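Below are the chains, spelled out letter by letter.
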Amino acid sequence: MPQTVIENPILNSPFAEPGRHFRFSDEGITNEIVDERRTSTYFVPIPASKKKSKQLALQVTEWTQDRVKPNDFINDVRGYVDTWRKGGYRDVTTTTRQLLDYWRDPDRDRKLFFCQIEALETAIFIAEVAPKYHPNVITQLRAFNDASNPLLYRVALKMATGAGKTVVMAMLIAWQALNKLANPQDARFSDAFLIVTPGITIRDRLRVLLPNDPQNYYRERDVLPSELLVELGKAKIIIANFHGFTLRDPGDASRLTKSILARGGESPTKETSGAMVRRVCRELGNKKNIIVINDEAHH
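These figures come from a predicted structure and were not determined experimentally. Residues take numbers from 1 onward in each chain, read along the sequence in its written order. Predicted model: local features are reported for residues with pLDDT of at least 70 only, side-chain atom pairs are reported and counted for 80 or more only, and whole-chain, interface and lining totals are derived from all residues. Calculation of side-chain values draws on the structure's entire complement of heavy atoms; hydrogens and water are dropped beforehand.

Q: Can you walk me through the packing of helix α2 (residues 94-103) against helix α5 (residues 165-182) in this structure?
A: Each pair of packed helices can be described by the angle between their axes along with the distance between the axes. One way to put it is that α2 packs onto α5 with a least axis distance of 9 Å and a crossing angle of 150 degrees. With respect to α5, the element α2 is oriented roughly antiparallel. Every pair of crossing elements has a handedness; the one defined by α2 and α5 is right-handed. In this structure, α2 contributes T95, T96, L99 and W103 to the contact, and α5 contributes M171, A174, W175, L178, N179 and A182. Gly falls in the polar group here, along with every residue not listed as nonpolar (Ala, Val, Leu, Ile, Met, Phe, Trp, Tyr, Cys, Pro) or charged (Asp, Glu, Lys, Arg). Across the contact of α2 with α5, the residue classes tally to 7 nonpolar, 3 polar and no charged. For helices, the axis comes from a line fit to the C-alpha atoms of the stretch in contact; other axes are also lines fit to C-alpha atoms, and the angle between any two N-to-C directions lies between 0 and 180 degrees. Counting from the N terminus, the helices are DSSP H or I runs at least four residues long and the strands are E runs at least two residues long. Working definition: roughly parallel below 35 degrees, roughly antiparallel above 145 degrees, roughly perpendicular at 65 to 115 degrees, and oblique for all remaining angles. Handedness of each helix crossing follows the sense of rotation of the near helix against the far helix: counterclockwise by less than a right angle gives left-handed, clockwise gives right-handed. Residues are treated as being in contact if the distance between any of their heavy atoms lies within 4.5 Å.

Q: So what exactly am I meant to see when it comes to unusual backbone geometry here?
A: Note on backbone geometry: most residues besides glycine have negative phi, and most peptide bonds are trans. Despite not being glycine, D91 has its phi angle at roughly 65 degrees, a positive value. For D91, the position within the fold is in the loop between α1 (72-86) and α2. Here the term buried applies to any residue with accessible area under 20% of the maximum for its type, exposed to any over 50%, and partly exposed to those in between, with areas from a 1.4 Å probe on protein chains only. Given the relative accessible area of 32%, D91 is considered partly exposed. Phi at L151 is positive, roughly 70 degrees, even though this residue is not glycine. Among the secondary structure elements, L151 is positioned in the loop between α4 (135-148) and α5. For L151, a relative accessible area of 91% gives the class exposed.

Q: How should the environment of K132 be read in this particular structure?
A: Inspection of the secondary structure assignment puts K132 in helix α3 (residues 114-133). When its relative accessible area of 57% is taken as the criterion, K132 is described as exposed. Along the chain, K132 and D91 lie 41 residues apart, while their C-alpha atoms are 9.2 Å from each other. Reaching out from K132, the side chain makes a polar contact with the side chain of Y133 at a distance of 3.5 Å. Contacts described as polar in this section are N or O atom pairs within 3.5 Å, which, within protein, must combine one atom able to donate a hydrogen with one able to accept it, while residues neighboring in sequence count only if both atoms come from side chains.

Q: Even after reading the chapter, I still don't get the confidence of the model for the protein chain, so can you show me in this structure?
A: If pLDDT is low for a region, its predicted coordinates should not be looked at in detail. In this model, the protein chain carries a mean pLDDT of 86, and residues with pLDDT of at least 70 account for 84%. Counting contacts from residues 54-60, a segment whose pLDDT is below 50, to residues more than four positions away or on other chains yields 14 contacts. pLDDT is a residue-level measure of predictor confidence that goes from 0 to 100.

Q: It is not clear to me how the sheet that holds strand β8 (residues 236-241) should be interpreted in this structure. Could you clarify?
A: Across a sheet, strands are paired by hydrogen bonds formed along the backbone, either parallel or antiparallel in direction. The strand order across the open sheet built from 3 strands is β8-β7-β9, with neighbouring strands paired in parallel fashion. Here the strands that pair on one side only, and so sit at the sheet edges, are β8 and β9 (291-294). Sheet twist, expressed as the mean angle between neighbouring strand axes with direction ignored, is 20 degrees. Paired strands, as defined in this entry, are two strands with at least two bridges between them according to DSSP. Summarising the sheet, strand β7 (residues 192-197) and β9 pair through 4 bridges and their orientation is parallel. Its bridge partner lying in β9, V196 is registered against N294. Each of β7, β8 and β9 touches α5; the most contacted strand, β7, lies at about 160 degrees to it.

Q: Whenever I open this one, helix α10 (residues 273-280) confuses me. Can you help?
A: Think of an α-helix as 3.6 residues a turn; residues three or four steps apart then line up on the same face. Those residues of α10 lying buried are M276, R279 and V280. Down the axis of α10, the sector holding all buried residues measures 90 degrees, keeping them to one side. Buried residues belonging to α10 abut β7 and β8. This arc corresponds to the set of directions leading from the helix axis out to the C-beta atoms.

Q: Whenever I open this one, a nonpolar patch on the surface confuses me. Can you help?
A: A surface patch of nonpolar side chains, amounting to about 230 Å² of accessible area, comprises F24, I29 and F43. Locating F24 in the fold gives a position in strand β1 (residues 21-25). The patch calculation keeps residues exceeding 30% relative accessible area without a salt bridge and links them within 9 Å when they carry like charges or within 5 Å when they are nonpolar (Val, Leu, Ile, Met, Phe, Trp, Tyr). Calculation of accessible area relied on Shrake-Rupley with a 1.4 Å probe; when residues are assessed, cover is drawn exclusively from the protein chains displayed. Salt bridges are defined as contacts in which a side-chain nitrogen from Lys or Arg sits within 4 Å of a carboxyl oxygen from Asp or Glu.

Q: In this structure, what is going on with the side chain of Q176? I would like to understand it.
A: As for its placement among the helices and strands, Q176 is situated in helix α5. Beyond its immediate chain neighbours, meaning those up to four positions away, Q176 contacts R188, F189, S190, F193 and I291.

Q: In this structure, what is going on with the layout of surface pockets? I would like to understand it.
A: Remark: the empty space left among the atoms is shown by a probe the size of a water molecule rolled over them. Approximately 450 Å³ is the volume found for the second largest pocket. Forming the boundary of the second largest pocket are 19 residues, of which I238, I239, A240, V280 and E283 lie nearest the centre. Going through the elements one at a time, β8 and α10 are the ones with two or more residues in the lining of the second largest pocket. Here the lining of the second largest pocket gets 6 residues from one element, more than from any other, and that element is β8. In this analysis a 1.4 Å probe is tested at points of a 1 Å grid over the protein atoms alone, and where it fits but cannot get out there is a cavity; an open set with protein on both sides within 12 Å along at least five of seven lines is a pocket; lining residues have an atom within 4 Å of a point. Grid points are joined across faces, edges and corners, and a volume is the space filled by probe spheres set on the points.

Q: Honestly, the side chain of S40 in this entry has me stumped. Any pointers?
A: If you trace the backbone, S40 turns up in the loop between β2 (28-34) and β3 (41-43). Exposure remark for S40: the relative accessible area of 12% places this residue in the buried category. Within the structure, S40 has its side chain in polar contact with the side chain of N71 (distance 2.8 Å). Discounting residues that sit within four places of it in the chain, S40 has contacts with P70, N71, I74, N75 and R78.

Encoded structure:
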């Protein structure tokens with residue numbers, strides 16, 4: 001494959017919707033600029049026909065157009081959100097409208113990236129707009145979940161490294177919590193959050209999502225005006241390392257005694273799943289409809 005030299009790979013401002021991209025050809029990326037946003041696609045790796053040690057060798061660098069597939073669902077939702085944005089964010093709550101206006105204020109000293117705002121626009125669209133105007137979006141999301149995670153409804157926001165996803169998490173918490181506090185009967189929103197992290201280092205780093213933290217992002221990154229930050233303090237937010245979800249065995253018996261009692265099964269002294277949830281989530285009290293944010297989910 002011929003090597004392509006791109007002198008300046010930056011084509012777009014981080015504060016505006018991308019409007020240019022480098023074209024892919026049958027040989028790979030080119031330095032030809034296309035004056036439009038790139039559609040969401042994914043590459044399907046296909047084993048090459050060469051044999052090596054009686055096994056097919058996977059040539060991951062040999063991409064061709066027939067291996068590129070569009071993410072139809074993502075592209076459809078992106079189009080719906082774009083139309084809804086240009087139409088003035090119709091059919092959202094007063095609180096949501098206030099937040100969107102604040103985040104998109106052109107006079108902000110600390111502007112948010114377009115990708116951060118679009119991530120929130122998409123989450124808001126799915127929760128507040130799609131059920132009424134695009135129910136097919138909800139139907140497809142539930143079908144995707146049923147195929148992969150039965151009984152567990154999840155929505156993934158995939159963002160590039162450096163895009164500022166911690167700020168996006170702060171925006172998500174603010175949007176959900178402030179709407180719930182403004183209208184406690186609205187089941188679309190929650191003011192209880194469990195943030196799951198892949199390690200202690202990231203857990204400590206995410207303390208900026210706690211409204212009472214001195215370096216909280218709501219103030220530091222101007223996610224909320226000061227009067228709304230006081231209200232956000234009423235929300236319940238727990239940050240937990242995922243290792244905390246391991247069932248513990250607090251019994252004082254020796255390992256041999258526990259083995260005999262277990263008789264090849266689970267130790268009778270090991271905590272139950274319910275006890276584990278009460279231990280990890282005790283600060284949430286009797287809260288229901290809890291939003292779980294799984295940071296760095298690929299870990």
